[in-house]
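Structural features, examined
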Amino acid sequence: MALDDENVRNEIEPKDNDRHEIGAAPPIINQQRVRFIPYPHKTLGSGDSIQCKWETIHNRNTSSSSLLDFTQRNAYTQGVCIPPTLSATLHIFSSDEAIQCLSSEIQQRDIRVILSGDSYMKQLYIGLADILLSTHISDDKEMKDNVQRSKILANAQYWMNKRRETNATFPYVQYQCEEDCYGKKALDICSQCINSFSRNNSLGDDAVWIVGVGIHTYARVKKQVDVAIQHIQHFLDTEGEHKRIIYVSPPKYFYRDDYPDQTRNMELVYRGLLPHVAPENPAHPFLDVYELTKSCTMENCSFDGSHRSRYVNRWKAQLLLNTLCEVQ
């Protein structure tokens, strides 16, 4: 979607002084050294071991509360879901820390982060962009249909590219291969697109592809659970040779009358993949968002039982950062 500069600026200009101007980079405050973790990255866990309960923390009576930035304060007040198994290690990244971790210049590595896949991956990209840009793009509007989602995605891509053009320390983070990696085509075609983009852009060993293709793969194989699992497993095996993919689980699908079998069958797809991904198979890095979406049952979590609210996607992005980054 092509958007001119003026329309985009009017759409997402920050409205309070706590946010950084979109066109200018926030200062890098090196309070703690943040390290990028190369392949196979860090494993947070999967399945029942990362069950969590959503909570909000509106008053943090600690001496460090004044050091929290816009991103961290909003995470605490809008909602976090920290599994007990990760309570001592999970870090809520500030915008500066996220930039430090993913910056090729700061890390002295050729880091490229590319998200690809279905509508949930678009929303994850937008959540990560919110964190890196230290704002809520499009005034935190919810994405209630594909038109809104595409428009906000275009805004996010515009400002992420704009920031990077004017600041060499800003990370390379893109959303690519939508047509070929959405799940509606054979996953071998997705691998071909990833290969082509990687070759044409000279991506190296520190390129990370974040991919999720569950629901449309399931639909494409005529809702055959075992076949969907086989197709995704074959894709992971193919990509495992290149050591570049983090696979993202499908969300929890709540019951809908128009898709009566979807809740049960997509859980079967999810659970059928667990033996083939990290931590059970460290060669296939995995970001599990199923449990956090399963426990998000509040009214403001989802409008359709599958796509989650903006703050939930920012929390998914925080888990992605915990997979890729380490605060030393």
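What follows covers the packing of helix 5 (residues 119-133) against helix 13 (residues 310-324). Contact geometry of helix 5 with helix 13 gives a least axis separation of 8 Å together with a crossing angle of 80°. It follows that helix 5 is roughly perpendicular to helix 13 by the angle criterion. Contacts between helix 5 and helix 13 involve Tyr120, Gln123, Leu124, Ile126, Gly127, Leu128, Asp130 and Ile131 on the former and, on the latter, Arg310, Asn313, Arg314, Lys316, Ala317, Gln318, Leu320 and Leu321. In terms of residue class, the contact of helix 5 with helix 13 is made up of eight nonpolar, four polar and four charged.

Each full turn of the α-helix corresponds to 3.6 residues, which orients residues three or four apart in the same direction. Taking 1.5 Å per residue, 15 residues should reach 21 Å; helix 5 reaches 21 Å between its end C-alpha atoms and fits that length. The distance from a side-chain oxygen at the start of helix 5 to the backbone nitrogen of tyrosine 120 is 3.1 Å, and the residue carrying that oxygen is aspartate 118. Two residues or fewer after helix 5 comes serine 134, characterised by a positive phi angle close to 55°.

Grouped together as the largest cluster of nonpolar side chains are 60 residues, with contacts concentrated most on Leu102, Leu115, Tyr125, Val173, Ile210, Leu292 and Trp315. At nine residues, the largest contribution of residues to this core is made by helix 5. The residues contacting tyrosine 125, other than those within four sequence positions of it, are Leu115, Leu153, Ala156, Gln157, Met160, Val173, Gln174 and Tyr175. With 36 residues, the next largest nonpolar core counts Cys190, Trp209, Ile215 and Tyr253 among its residues.

Okay, the state of the cysteines next. By definition, a disulfide is the covalent link that joins the sulfur atoms of two cysteine residues. Per the stated rule, a full pass over the model turns up five disulfides. Cysteine 52 shares a disulfide with cysteine 81; S-S distance 2.0 Å. In this structure, the disulfide formed by cysteine 52 and cysteine 81 twists by about 100° around the S-S bond and is classed as right-handed. One end of the pair, cysteine 52, is in the loop between strand 1 (34-36) and strand 2 (54-55); the other, cysteine 81, is in strand 3 (residues 80-81), with 29 residues separating them in the sequence. Here cysteine 177 is linked by a disulfide to cysteine 193, with a sulfur-sulfur distance of 2.1 Å. The sign of the S-S torsion, about -90°, decides the handedness of the disulfide formed by cysteine 177 and cysteine 193: left-handed. Separated by 16 residues along the polypeptide, cysteine 177 in the loop between strand 5 (173-175) and helix 7 (178-181) and cysteine 193 in helix 8 (residues 187-200) bring together distant segments of the chain. For the pair shown, cysteine 177 and cysteine 193 are each scored as buried.

What follows concerns the packing of aromatic side chains. Counted under the stated rule, the structure contains five aromatic pairs. Between the aromatic rings of tyrosine 158 and tryptophan 159, the centroid separation amounts to 5.0 Å while the plane-to-plane angle is 90°, which identifies the pairing as edge-to-face. Taken individually, tyrosine 158 and tryptophan 159 each receive the classification buried, so the pair is uniform in this respect. For the cation-ring pair, arginine 112 lies above tyrosine 172, with the distance from its terminal atom to the ring centre recorded as 4.7 Å.

Below, the discussion takes up the side chain of aspartate 69. For aspartate 69, the position within the fold is in the loop between strand 2 and helix 2 (70-78). The side chain of aspartate 69 sits in the buried core without any salt bridge; arginine 73 is the nearest counter-charge, 6.3 Å away. Here the side chain of aspartate 69 touches serine 95 through a polar contact of 2.8 Å, landing on its backbone nitrogen. Every residue in contact with aspartate 69, bar those within four places of it in the chain, is listed here: Ser94, Ser95 and Asp96.

Counted by the stated rule, this structure contains 14 salt bridges. When salt bridges with common partners are traced through the structure, they connect Asp48, Glu267, Arg271 and Glu291 into a single cluster.

Here the chain shows a mean pLDDT of 90. Residues at 70 or above account for 88%. Every residue in residues 1-21 scores below 50 in pLDDT, and together they form 40 contacts with partners more than four places removed in sequence or on other chains.

Looking now at the environment of valine 269. Following the sequence through the fold, valine 269 ends up in helix 11 (residues 262-273). Counting along the chain gives 54 residues from valine 269 to isoleucine 215, while the straight-line C-alpha distance between them is 9.1 Å. Once residues lying within four places of it in the same chain are set aside, the contact partners of valine 269 are Tyr218, Val225, Ala228, Ile229 and Ile232.

Residue proline 40 is bonded to the preceding tyrosine 39 through a cis peptide linkage, with omega at 5°. Along the polypeptide, proline 40 turns up in the loop between strand 1 and strand 2. Within the chain, serine 138 stands out as a residue other than glycine whose phi angle is a positive 55°. The residue serine 138 is located in the loop between helix 5 and helix 6 (146-166) in this model. We note that serine 202 has phi near 50°; this positive angle belongs to a residue other than glycine. By the element assignment, serine 202 lies in the loop between helix 8 and strand 6 (207-212).

Criteria and thresholds
- Residues numbered from 1 in each chain as written.
- Predicted model: local features only at pLDDT ≥ 70, side-chain atom pairs only at ≥ 80, totals over all residues.
- Heavy atoms only, no water.
- Axes fitted to C-alpha atoms, helices over the stretch in contact; angles between N-to-C directions.
- Helix = DSSP H or I, 4+ residues; strand = E, 2+ residues; numbered from the N terminus.
- Parallel < 35°, antiparallel > 145°, perpendicular 65-115°, else oblique.
- Contact = heavy atoms within 4.5 Å.
- Nonpolar A, V, L, I, M, F, W, Y, C, P; charged D, E, K, R; others polar.
- Expected span 1.5 Å × (residues − 1).
- Polar contact = N/O pair within 3.5 Å; in protein donor to acceptor, adjacent residues only side chain to side chain.
- Core = buried A, V, L, I, M, F, W, Y, C linked by side-chain atoms within 4.5 Å.
- Buried < 20%, exposed > 50% of the residue type's maximum accessible area, 1.4 Å probe, protein only.
- Disulfide = S-S within 2.5 Å.
- Phe/Tyr/Trp six-rings, centres within 6.5 Å; stacked < 30°, edge-to-face > 60°.
- Lys NZ or Arg CZ within 6 Å of the ring centre and 35° of its normal.
- Lys, Arg positive; Asp, Glu negative; His and termini not counted.
- Salt bridge = Lys/Arg side-chain N within 4 Å of Asp/Glu carboxyl O.
- pLDDT = per-residue confidence, 0-100.

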